[in-house]
Amino acid sequence: MPRRQFVADLQSAVAGVSVAGITDVQPGNDDGEFTFLCVAGGETLKISALVPELSDYPSSHMCMLFAPDAAPERVAGALSGIADAAAGKTLLQLLELVSRNLESTDRDGDQQMLDSQEPEEFEDEDDDEEEEEEYFPDDDINPKPFTSRIGNAMSAEGYSTPTSAFRHRIRSDLMIAKANGFKVGHLGGLMDGHGCYVTLACRIAKSGISGEAMQAWQIEPSEYLVAIFHYPNGYKSMDSMKVYDAPTARRYFGVRVGISTTYKPTFQEAVRAFTTLSKDEEKRREESQSQTESEDAEVHKGFRNSFISRPLNELLEERFCQLLHYRYNGMPWSGAEEFYNDHISAHDAHSDLGLNDKYLEPEHVNTAYPNLVTADHIQESTPQEHSLPLVGMQFVLRHFVRCTEFCLICFTKMPDDLQAIKPYVCDKPLCLYQYMSLGFGPSIEHEILSQPKVVDLLVSFCYASARLGRLKDFPAGLSLLVPPTDAYGNDYVGAQQVHTGYMFDRTGQTVAAPTMPGGSVQALKTRFNKVTLEMLFDNHAQKCPVRAGDWIVLRMELKPGGIPSKALHCRIMDTSLYPSVRVSEPVLAATSNDQTLAAHNAAMYHPVGPPPPVQSKAIPLPTPDLNEFVPAGFHIYSQNFDELPDFHKREAIYTLLDTLPSVSEMRQYLLRKSQSPLSAWVDRLPPASLGILRWIIASNRACIVQVGDDDGATTIKKGEDRVYGMGGWSQFRFAMGAPDKERRFIQAVRDTTTRLTLKHSTLFAWHGSPLPNWHSIIREGLNFEHTAHGRAYGHGVYHSLDVNTSLGYANPYGGLGCFWPKSELNVSQALALNEIVNAPQEYVSSSPHLVVAQLDWIQTRYLFVKTSVNNGNGSTTEKKPFESVAQDPAMTPRGVTDKLIIPNHAISSTRRSKAKSTTKNKRQKAAGSSAYDPIDLDADDDDGASVATLAEDLMIFEDEDAHAPQLEIDSLPTPNSTKGKGRASGFLSKLVGSKATPSKPLTDYVPGTLDYSSLPMLQQPAWATTSATKRLMKDFNDLIKVQAREPLHELGWHIDEDKVENIYQWIVELHSFDPTLPLAKDMKSKDIKSVVLELRFGKDYPMSPPFVRVIRPRFLAFNQGGGGHVTAGGAMCMELLTNDGWSAVSSIESILLQVRMAISSLDPKPARIESRGGRNDYGVGEAVEAYIRACQVHGWTVPVGFKEMAYGGSEQGNGYPY
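If you check an unreviewed UniProt entry, the protein appears there as UBC core domain-containing protein from Massariosphaeria phaeospora.

Now the structure itself:
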C-alpha cells in the first residue's frame, strides 16, 4: 500500500505539477528515486531525491536530496537542511518545501506560497507570528543581513563559527552535565557549528519516582527520560540565551522531552520530535501510538512521548527563556514561575509589578527527592560558566518528577495538601477546558482498550456519588450542552438520597429538586415515526427548530390504555427535507427501575440479614412499533451545564452516564474501528456524555490496575499479586498520593523501626467507606477532613484488622439502586487494604479500631470490590502466593475466607525478602525508588542497567588542545557584537593562549580622554530608593567585570568607573564602529573618537526603563536625511526604552548592545553627524521633549515619573543646559 501510494503520487507529479520553479519530474533508476528541475539563484538545476524506505511512505519516511556537482555550495547546504524537515511529507509537499526554501520562481517571477492548509514544519523558517512578537515592531534596529536562506550570509548573525574556543565551550558545558549525573549524546554537526541536537538523559530509576507512579505514568525504571536540545543554527551557550528575547531564543533553541529505551534518539526520531503537526494530526499520531502500545505487550522501543510531553514541551517553548532571565535577577525557579504567572494573569507590564520579596524567597523542596532532582546549577555554580543543557535538563526533571505539584495548563503550584499520583489541572475552569480540548489528559480510547474493568469501576464510583447526592466537584468550564431539567420527566424522582452511609443509620431522606431560575422549558411538539426514524412538523412555515448534529430527548405521548413512553435520545441526522427531519437510532437511557430503588431503601432500614422482598408490579410486554407518526414532544440538548445548580448538575451527570454504552461495547467498537477515536461514534454517543466520561477518567489521580483477569486487557498476573483470603472479590492494585509518597512512607518506616526496634516494620489493615465516597477518595486520597460516622475514637483514618468491621462501614446494601446500570461489575461494596507503620502505641487509638493520624504512615496497596460478577461466596480455588510478606502474628488482618496472605509484590522491591532479590542480572544496581535504595550517580555510566555510551558521543569530550587551562569566569551576560561574535570569543580566546592578541591596537579609541568637566553631572537624587540603589550597584559591577574581561575593540563601549559618583547617572562612550558605516566615516573625518551617551535611572528601576540620550556629537535630524534612531533632541527613539517594550530582566549590557545596533542601523537611513560646527551638545530639555514626542507619534507609553527622573529630581529641569 505505501509503495502503491508513492508510485501514484510520482505519476501524478510526472504528469505535471503547479509548484513555482519546479518542472520535469521524472522517475529515477532505482525504486523510490526521482528527479526534477528547480530554479535556484537564477540557475536551473537538476535535483535528485530518494525515499529509502517506501514502506514508511507517507507517514514516517525519510527523504534524501542531492544537488548536481556544479550546484553552488549554498544550494547543497540548503538541501541538506530541507531534507531534515522533509520527513513524513508527500511527494507534492516535498516539492513545495524545496521551492519555498530555495526561493524558486516561475516564468512570471512568482514564488511558491505557503499552503494555508498545511502546517509549517521547517524549523528554521521565520514566520509572521514570530515577527509580530518582536520587541521593536516599529524600529527594526537589527535588519536581516540576508534575504535568502541560501545566500552568502549563511554564517551571518545567529550562525556559529566552529573556532577552537567554540568547541572548548561545548566540551565544558557537556562535561559539566556529565559530571552532574546525566548521559550526554549528540546528533548532527555539533562541533562544526552546524545545525545539531544535544541530548541529556537519566534513567527513570534514578529520579526517585515510586514504582506505583511509574506504573501510573506507563514508564519503566530501566527507561530513560530524554531531553533533546535543538540548535538549528549551531550550538548556543547560556551567554547567548541571556541576551536573546523570547522570539529570538525560539529561533535558535528548542527542547523536546520524551522517554526512550536508550539514552539518545536516532536522527530520524529527533527530527520527528521537532516536526510541527496540526492539532488533529498530533492527536491522531498519539491515538495511533496508544493503540499500538495497547496491542503490543513488548517493551517500547525508541523515543516516544511521555504522558506529560505535550504540556511540558509547551512550557519549555513559551516560558523557559523568560524564566531564565528571571533566574538571573536573583529569583529561584519557584519565584520566577510565580512572577511569570502573576504577570500573565494580571496582564500588567513588568514596570507595574513591584519586585516583591516573595519572588526572591528560596524554594523549599521535599528532601525525599534525590539530589539529581533538586540540584540547581545556576544557584550552586555562581562563579562558573553555566551549562545551558544542564540547566534545561534540571528544569525538565523539576516538572517531570514533580508534575503533580503543578497545574498541567497554567503551571501554577497546586495546593500543598493535594496528594495525587497523576497530574491534573487547578480549579480554574479555563484550565479544565484547555486540558480537555487540547487533549492533555489520558486517552480514553487507550484506557478502555487496556483497562476496561478500571474504566467500569471509575464510572460506577462517579455514578453512585451523583445518585446519592455526594458528588461535589464537577466538570466546570467545558460548556457541555445537556438536556434541560424538564426533559427528564419522572425518570429520576427521589434519585438523590441524603444519608451517612452508616450501616445502622436510618435517616435516609430524599432531597427536593431546586427550582430552576429561568423556569420550566416546554417540550417542542412534533410527530415521530419510530420505524422510519423521522420527525414530522405540522407548521411548515415555522423555521426548523433543530440543526443537523443536535441531540434531543424525545418522548412519544400517551396512548389510551398504554404506558408512558421512555425518553429517547437521538441525534439529528438530516434537516434538508424539512418539515421532515431524519434522526439516528434512538438511545434508550438505562435507568434503574423502581424495584431496585425500593430494595435499596428497604436495605437501608433493615440492615441485618438479606433485604426483604419487594412487592413487584406486573410490567406489560412492549408492543411492536407501528409504521406511523405518533404525537411526541422533545427537548434539545441546549442547557449549559455550568449554569445549573449542583443538584441538577448531579442529575445531568447520571442521566448522561445512563446513555453511555457499556465499557465492553465501547471496547468492541474501538477494536472494530482501530483508526477511529470514540468521538467518531457520532450517532451513539452524545458529545456531553463523552465529555463526562473523559472527565471521569482524566480526573482520576490514583493508579488502579486490575489483578488477575484474562480478558485481553492490561492486568497483573494472578499468581504474583493476588491476595489470599478474599475469595469472591475482585482485586485491584491501588496507589494514591504524590510520586514521592512511597519514599516518605519508607522513610517513616525506617525511622520508626530504628527508634522502636521493630521486628515487623509494618502491618496491613482494612479501611471501609460507603460506595458514594470512593469517587472523591481516589482523587483526594485518604484523609479525615470529612466526618461520616463520628469520631468516637479520635481524629484520624480508621482501620480494622477484621474485614467484617470495615464491611459495616462500607454499607453492605449501599450499592443497590445506585450502581451504573450499564456496568458489568455492578459494584456494591469497596474496601481498601492499606500498609501502615507498625506502631499501634503511637496511633490515636488502637482498640477497637486502629486510628492513624500520620498520613505519611499510611500507604494504600489494594482495592477490593464486591461485584455481581463474583457472587460473594468465598471461592475454594484460591491459591496462596509463592512468596509473601512476613506479617506480625498479633496484627495479621482477616479476610472473608481466611487470614490474609500478602504477596511480596505488594511492597517495594527494595523491601522484599532476600530470596526475591536474587535475580538473573547480578550487575543491576539499585533502582533508587526508596529510602533504602540510594542513588548512585556514577560518572562512568558502567552500571548493568545503563546503556553503554557510544564512541561518537565520547569523542566530543576529547580536546584537540591538550592541557587547556580551566578558568573561573563570572556567569554574567555579555553582548554579541554586530558581527555575530559572542562573549565566548573573549573568554575562549584567552583559553587558547595569547596568540590571538594582535601586536597593534585594533581601534583608535583611547579610554580616559573624555573631559567630564564639560558634561552635565548630577548629584545623588533625594528620591533614591534602597532597592533601586542595590540593583544599580549590582548592574554596574557586572558591567565593569565584562569591560575588564573583553577586548576593547570587540566590546565597542566604555565606562570610566573612576568618574562615576552618582549611581543614578552613567556616562558611556560608544566607539570602534564598523569602518564601512557612514557614521564611522563622518567620525573619522571630524576626528571624533566616540559617541557620548548618558543613562539616567529612576527610583522604580528595574521596573521602569532608564532614560538614554546622546550628549555629543550632534546627529543629522531625520527630516534632514539622518537616521540611526536618534531624535532631533538626542533621545533614543526605541520602544525598548518605554513602558511598552521594557522588561525588568533586561541587562544594561543588552541595552548598550541594542542602542549601538540602532545607531549602526542603515534602515531606513544611516546615522550621520551634523556638518554645521559651533553648535553645543544636546541638552536635557530638548531630549526630554523629543522622547515624549516620539512616544506620542508611535503610541508608546511614557514611564510614570519620567520627567522627575530625566531632570534629576526637578520637573522643569531648571539649571540644565539646552
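Peer 1: Where do I start with the overall build of the protein in this structure?
Peer 2: Within the protein one finds 34 helices and 31 strands. Within the protein, buried positions represent 55% of all 1218 residues. A separation of at least 24 residues holds for 73% of the contacts in the protein among residues at least 6 apart in sequence. In the structure as shown, the protein presents an accessible area of about 53400 Å², 50% of it carried by carbon and sulfur atoms.

Peer 1: Sorry if this is basic, but what is going on with the nonpolar core here?
Peer 2: As a rule of thumb, nonpolar side chains are buried together in soluble globular proteins. Leu225, Phe400, Ile653, Leu678 and Leu693 are the most contacted members of the largest nonpolar core, which has 170 residues in total. Sort the elements by how many residues they give to this core and helix α18 (residues 452-467) lands first, with 10 residues. Excluding residues within four positions of it along the chain, Leu225 makes contact with Leu200, Ala201, Cys202, Ile204, Val257, Gly258, Ile259, Met393, Val396, Leu397 and Phe400. Membership of the second largest hydrophobic core comes to 44 residues, among which are Val1068, Met1132, Ala1167 and Ile1169.

Peer 1: What am I meant to see in the pattern of salt bridges here?
Peer 2: The full count for this structure, using the stated rule, is 27 salt bridges. A salt bridge links Asp1087 to Lys1089; the nearest nitrogen and oxygen atoms lie 3.2 Å apart. Residue Asp1177 pairs with Arg1112 through a salt bridge whose shortest N-O separation is 2.8 Å. Note that Asp1177 is positioned in the loop between α32 (1148-1160) and α33 (1180-1194) and Arg1112 in strand β31 (residues 1107-1112), a separation of 65 residues in sequence. Residue classification places Asp1177 among the partly exposed positions, given a relative accessible area of 26%. By sharing partners, the salt bridges in this structure join Glu337, Glu363, Arg398, Arg402, Glu405 and Lys413 into a single network.

Peer 1: Teacher, can you tell me more about the sheet that holds strand β4 (residues 64-66) here?
Peer 2: Two orientations exist for strands paired in a sheet by backbone hydrogen bonds: parallel and antiparallel. With antiparallel pairing, 4 strands are arranged side by side in an open sheet as β1-β2-β3-β4. Of all strands in the sheet, those with a lone pairing partner are β1 (22-27) and β4, marking the two edges. Across this sheet, the average inter-strand angle for adjacent strands is 25°, counted without regard to direction. Sheet topology places strand β2 (residues 33-40) next to strand β3 (residues 43-50); 8 bridges connect them, and they run antiparallel.

Peer 1: What is the right way to read the pairing of strand β22 (residues 730-735) from this model?
Peer 2: For a regular strand, the rule is simple: side chains alternate between the two faces of the sheet. Judged by how many residues are buried, β22 sits mostly within the fold: 6 of 6 residues are covered. In β22, alternate side chains face the same way, and those of Ser730, Phe732 and Phe734 on one face and Gln731, Arg733 and Ala735 on the other are all buried. Looking at chain direction, strand β21 (residues 703-706) and β22 are connected through 4 bridges and run antiparallel. Counted as the bridge partner of Cys703 is Ala735 from β22. Note that β22 and strand β27 (residues 858-866) share 4 bridges and pair antiparallel. Paired with Arg733 across the bridge in β27 is Tyr862.

Peer 1: I tried to follow empty space enclosed by the protein on my own but got confused; where do I start?
Peer 2: Any empty space left between the atoms is revealed when a probe the size of a water molecule rolls over them. A complete count under the given rule lists 11 cavities of 30 Å³ or more for this structure. The calculated volume of the largest cavity comes to roughly 120 Å³. Arg250, Phe253, Leu316, Glu317 and Cys321 are the residues nearest the centre of the largest cavity, which is lined by 15 residues in total. Here the lining of the largest cavity gets 7 residues from one element, more than from any other, and that element is helix α11 (residues 309-327). Split by residue class, the lining of the largest cavity holds 8 nonpolar, 2 polar and 5 charged. Along its surface, the second largest cavity is lined by Leu1018, Gln1019, Pro1021, Trp1023, Asn1062, Tyr1064, Gln1065, Arg1096, Phe1097, Met1205 and Gly1208. Broken down by class, the residue content of the lining of the second largest cavity amounts to 6 nonpolar, 4 polar and 1 charged.

Peer 1: In this structure, what is going on with the sheet that holds β31? I would like to understand it.
Peer 2: The strand order across the open sheet formed by 4 strands is β28-β29-β30-β31, and the pairing between neighbours is antiparallel. Two strands bound the open sheet, and with one partner strand each, they are β28 (1053-1054) and β31. As paired strands, β28 and strand β29 (residues 1065-1070) are joined by 2 bridges and run antiparallel to one another. Residue pairing across strands places His1054 opposite Glu1069, the latter belonging to β29. This element, α33, spans β30 (1091-1096) and β31 of the sheet and lies at about 135° to β31.

Peer 1: So what exactly am I meant to see when it comes to unusual backbone geometry here?
Peer 2: Trans peptide bonds make up the majority, and among non-glycine residues the majority have a negative phi. Tyr1101 connects to Pro1102 through a cis peptide bond whose omega is 10°. As for its placement among the helices and strands, Pro1102 is situated in the loop between β30 and β31. Residue Asp1087 is not a glycine yet carries a positive backbone phi of 55°. Turning to its location among the elements, Asp1087 is positioned in the loop between α31 (1078-1085) and β30. A positive phi angle, close to 60°, is found at His1125, a residue other than glycine. Take His1125: it is sitting in the loop between β31 and α32.

Peer 1: It is not clear to me how the packing of aromatic side chains should be interpreted in this structure. Could you clarify?
Peer 2: Both the distance between ring centres and the angle between the ring planes are used here to describe each pair of aromatic rings. Scanning the entire structure with this criterion turns up 33 aromatic pairs. Through successive ring pairs, a cluster of aromatic residues spans Phe229, Tyr231, Tyr235, Phe253, Phe320, Trp333 and Phe395. One Lys or Arg, Arg467, reaches over the ring of Tyr654 and ends 5.3 Å from the middle of that ring. The positively charged end of Arg733 is found above the aromatic ring belonging to Tyr862, 5.3 Å away from the centroid.

Peer 1: Honestly, the environment of Leu65 in this entry has me stumped. Any pointers?
Peer 2: One can find Leu65 in strand β4. What makes Leu65 buried here is its relative accessible area of 11%. Taking the C-alpha atoms as reference, Leu65 lies 9.6 Å from Val98; in sequence the two are 33 residues apart.

Peer 1: How do you make sense of the confidence of the model for the protein when you look at a structure like this?
Peer 2: In the predicted model, the protein carries a mean pLDDT of 77, and 74% of its residues have values of at least 70. Counting contacts from residues 106-111, a segment whose pLDDT is below 50, to residues more than four positions away or on other chains yields 9 contacts. Below pLDDT 50 for its whole length, residues 593-621 participates in 35 contacts with residues either more than four positions away or in separate chains.

Peer 1: Explain the environment of Gly193 to me, please; I cannot follow it from the model alone.
Peer 2: Tracing the backbone through its elements, the reader meets Gly193 in the loop between β5 (183-188) and β6 (196-203). Remark: the alpha-carbon pair of Gly193 and Thr163, spanning 30 residues in sequence, is separated by 8.6 Å.

Peer 1: Would you mind showing me how to read helix α22 (residues 687-698) here?
Peer 2: Two residues of an α-helix separated by three or four positions point the same way, owing to the 3.6 residues in each turn. Taking 1.5 Å per residue as the helical rise, α22 with its 12 residues ought to reach 16 Å, and the 16 Å between its terminal C-alpha atoms agrees with that figure. Burial analysis of α22 places 11 of its 12 residues in the buried class, which makes it a mostly covered element. When we look at burial in α22, the residues that qualify are Ala688, Ser689, Leu690, Gly691, Ile692, Leu693, Arg694, Trp695, Ile696, Ile697 and Ala698.

Peer 1: Explain the packing of α18 against helix α20 (residues 646-659) to me, please; I cannot follow it from the model alone.
Peer 2: For the pair α18 and α20, interaxial distance at closest approach is 9 Å and the crossing angle is 140°. Here α18 lies oblique to α20, going by the angle between them. Seen along the crossing, α18 lies across α20 with a hand that is left-handed. Residues Val459, Cys462, Tyr463, Ala466 and Arg467 of α18 form the contact with α20, whose own contacting residues are Arg650, Ile653, Tyr654, Leu657 and Asp658. Broken down by class, the residue content of the contact of α18 with α20 amounts to 7 nonpolar, no polar and 3 charged.

Peer 1: How should I be thinking about the packing of α20 against α22 in this particular structure?
Peer 2: Each pair of packed helices can be summarised by the angle the axes make with each other and by the distance between the axes. With their axes 9 Å apart at the nearest point, α20 and α22 run at an angle of 105° to one another. Here α20 is positioned roughly perpendicular relative to α22, judged by the angle of their axes. Contact residues: α20 offers Ile653, Leu656, Leu657 and Thr659, while α22 offers Ala688, Ser689, Ile692, Trp695 and Ile696. When the residues that make up the contact of α20 with α22 are grouped by side-chain class, the tally is 7 nonpolar, 2 polar and no charged.

Reading the values: the criteria
Residues numbered from 1 in each chain as written. Predicted model: local features only at pLDDT ≥ 70, side-chain atom pairs only at ≥ 80, totals over all residues. Heavy atoms only, no water. Helix = DSSP H or I, 4+ residues; strand = E, 2+ residues; numbered from the N terminus. Buried < 20%, exposed > 50% of the residue type's maximum accessible area, 1.4 Å probe, protein only. Contact = heavy atoms within 4.5 Å. Areas by Shrake-Rupley, 256 points an atom, 1.4 Å probe, with all protein chains shown as cover. Core = buried A, V, L, I, M, F, W, Y, C linked by side-chain atoms within 4.5 Å. Salt bridge = Lys/Arg side-chain N within 4 Å of Asp/Glu carboxyl O. Pairing = 2+ DSSP bridges. Axes fitted to C-alpha atoms, helices over the stretch in contact; angles between N-to-C directions. 1 Å grid on protein atoms, 1.4 Å probe; cavity = no way out; pocket = protein on both sides within 12 Å on 5 of 7 lines; lining within 4 Å. Points joined across faces, edges and corners; volume = space filled by probe spheres on them. Nonpolar A, V, L, I, M, F, W, Y, C, P; charged D, E, K, R; others polar. Phe/Tyr/Trp six-rings, centres within 6.5 Å; stacked < 30°, edge-to-face > 60°. Lys NZ or Arg CZ within 6 Å of the ring centre and 35° of its normal. pLDDT = per-residue confidence, 0-100. Expected span 1.5 Å × (residues − 1). Parallel < 35°, antiparallel > 145°, perpendicular 65-115°, else oblique. Left-handed = near helix turned anticlockwise from the far one by under 90°.

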